[in-house]
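Each chain, written out:
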Amino acid sequence: MDGTLVDTEPYWMAAETTLVESFGGTWSHEDALQLVGSGLLDSAAILQKAGVAMEAEAIVSHLTDMVQESLRTQGVPFRPGARELLRDLRDAGIPTGLVTMSLRRMALNVVELIDFEAFDIVVAGDDVDNPKPHPEPYLQAAALLDVDIADVVVIEDSPTGVRAGLASGAVTLAVPHIVPLDHLGAHELWTTLAGRGADDLADLYDEKSTMTGATR
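Below you will find a few notes about this structure. Nothing here was measured: the structure is a model prediction, and the numbers come from that model.

**Description of the packing of aromatic side chains**
Within the structure shown, the criterion is met by zero aromatic pairs. The ring of F116 carries R87 above its face, with NZ or CZ at 4.0 Å from the centroid. Sitting over the ring of W190, R196 keeps its end group 3.9 Å from the ring centre.

Printed below as a string of structure tokens:
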């Protein structure tokens, strides 16, 4: 979600900076980059090391509240081509799922702001025991969609997400945003989703599925 569907990473980074500074610490852009795509409890542990004297769950809840407030007051900055691609997938009858390490309440809040029913299922950070880069989030999504993971195309913008997609056995498409995704082994790298449709993903799957051992 964050960075692939919506450009909320600046909201997260601002919330992290404000929180760390409230405890007398410092938080740089480079510090923030290490949290991109990470599980929220893993991120909370890093923030604790930066001086945030709060329980991990409290940190997660506080940051989520701050980001949701930013979404309410500053709007939802959808990534180029993301909504259009989702609409085309829906029109083509292709099942879709949102897999994010954000809390479910935030994920549903973002999904509700899309002007059509974009996803069949949502798997959020508080729905799994093992966050990305573990494959569990994507394997759970495939199970909820009742599809074989080998028939799935994962679209990711973070290193942890790409690793999770690859570990799950899905065809994994990297679309970098804030951090580079070269040399992670993604099956394909697109610079943007703008101008892409369901046919492009179908062609990608046909071309790359043999690399995962998938068959149609």
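**Things to note about helix α5 (residues 82-91)**
For α5, every residue scored as buried is listed here: A82, L85, L86 and L89. Buried residues in α5, looked at end-on, bunch into an arc of 100°, giving them a common side. With respect to the buried face of α5, the exposed residues turned more than 90 degrees away are E84 and D91. Among the residues trailing α5, G93 stands out with phi positive, at a value near 75°.

**Thoughts on the environment of V154**
As for its position among the elements, V154 is in strand β3 (residues 153-156). Assessed through its relative accessible area of 2%, V154 is described here as buried. As for V154 and L173, which are separated by 19 residues in sequence, their C-alpha atoms are 5.9 Å apart.

**A closer look at the pairing of strand β4 (residues 171-174)**
Covered by surrounding structure in β4 are V171 and L173 together with T172 and A174, the residues of both alternating faces. Bridging between β3 and β4 involves four bridges; their strand directions are parallel. Opposite V154, over in β4, you have T172 as the bridge partner. Note that the unit made of β3, helix α8 (residues 159-168) and β4 has a crossover that is right-handed.

**Looking at a negative patch on the surface**
A cluster of acidic side chains, namely D88, D91, D199 and D203, defines a negative patch on the protein surface. Along the polypeptide, D91 turns up in helix α5.

**Details of the environment of S168**
Tracing the backbone shows S168 in helix α8. S168 sits in the buried class, given a relative accessible area of 8%. Separated by 16 residues in sequence, S168 and V152 have C-alpha atoms that sit 9.7 Å apart. A distance of 2.6 Å separates a polar atom in the side chain of S168 from the backbone oxygen of G165.

**Considerations on the side chain of T96**
Among the structural elements, T96 can be located in the loop between α5 and β1 (97-99). There is a polar contact of 2.7 Å between the side chain of T96 and the backbone oxygen of A118. Every residue in contact with T96, bar those within four places of it in the chain, is listed here: L86, L89, R90, A118, F119, D120, I121 and L145.

**Section: unusual backbone geometry**
What you tend to see is this: most non-glycine residues have negative phi, and most peptide bonds are trans. A cis amide bond links K132 to the next residue, P133, at an omega of 15°. With respect to the helices and strands, P133 occurs in the loop between β2 (121-123) and α7 (136-145). Phi angles above zero are rare outside glycine, and D146 is one such case at about 60°. The topology assignment puts D146 in the loop between α7 and β3.

**Examining the sheet that holds β4**
The strand order across the open sheet formed by three strands is β3-β4-β5, and the pairing between neighbours is parallel. Taken across any chain shown, the strands that pair with only one partner, and hence form the sheet edges, are β3 and β5 (188-189). Relative to β5, β4 runs parallel, the two sharing two bridges. If you follow L173 over to β5, its bridge partner there is E188.

Rules and cut-offs
Residues numbered from 1 in each chain as written. Predicted model: local features only at pLDDT ≥ 70, side-chain atom pairs only at ≥ 80, totals over all residues. Heavy atoms only, no water. Phe/Tyr/Trp six-rings, centres within 6.5 Å; stacked < 30°, edge-to-face > 60°. Lys NZ or Arg CZ within 6 Å of the ring centre and 35° of its normal. Buried < 20%, exposed > 50% of the residue type's maximum accessible area, 1.4 Å probe, protein only. Helix = DSSP H or I, 4+ residues; strand = E, 2+ residues; numbered from the N terminus. Arc of directions from axis to C-beta. Pairing = 2+ DSSP bridges. Right-handed = clockwise from strand over helix to strand, strands pointing away. Patch = residues over 30% accessible without salt bridge, like charges linked within 9 Å, V, L, I, M, F, W, Y side chains within 5 Å. Areas by Shrake-Rupley, 256 points an atom, 1.4 Å probe, with all protein chains shown as cover. Salt bridge = Lys/Arg side-chain N within 4 Å of Asp/Glu carboxyl O. Lys, Arg positive; Asp, Glu negative; His and termini not counted. Charge placed at Lys NZ, Arg CZ, Asp CG, Glu CD. Polar contact = N/O pair within 3.5 Å; in protein donor to acceptor, adjacent residues only side chain to side chain. Contact = heavy atoms within 4.5 Å.

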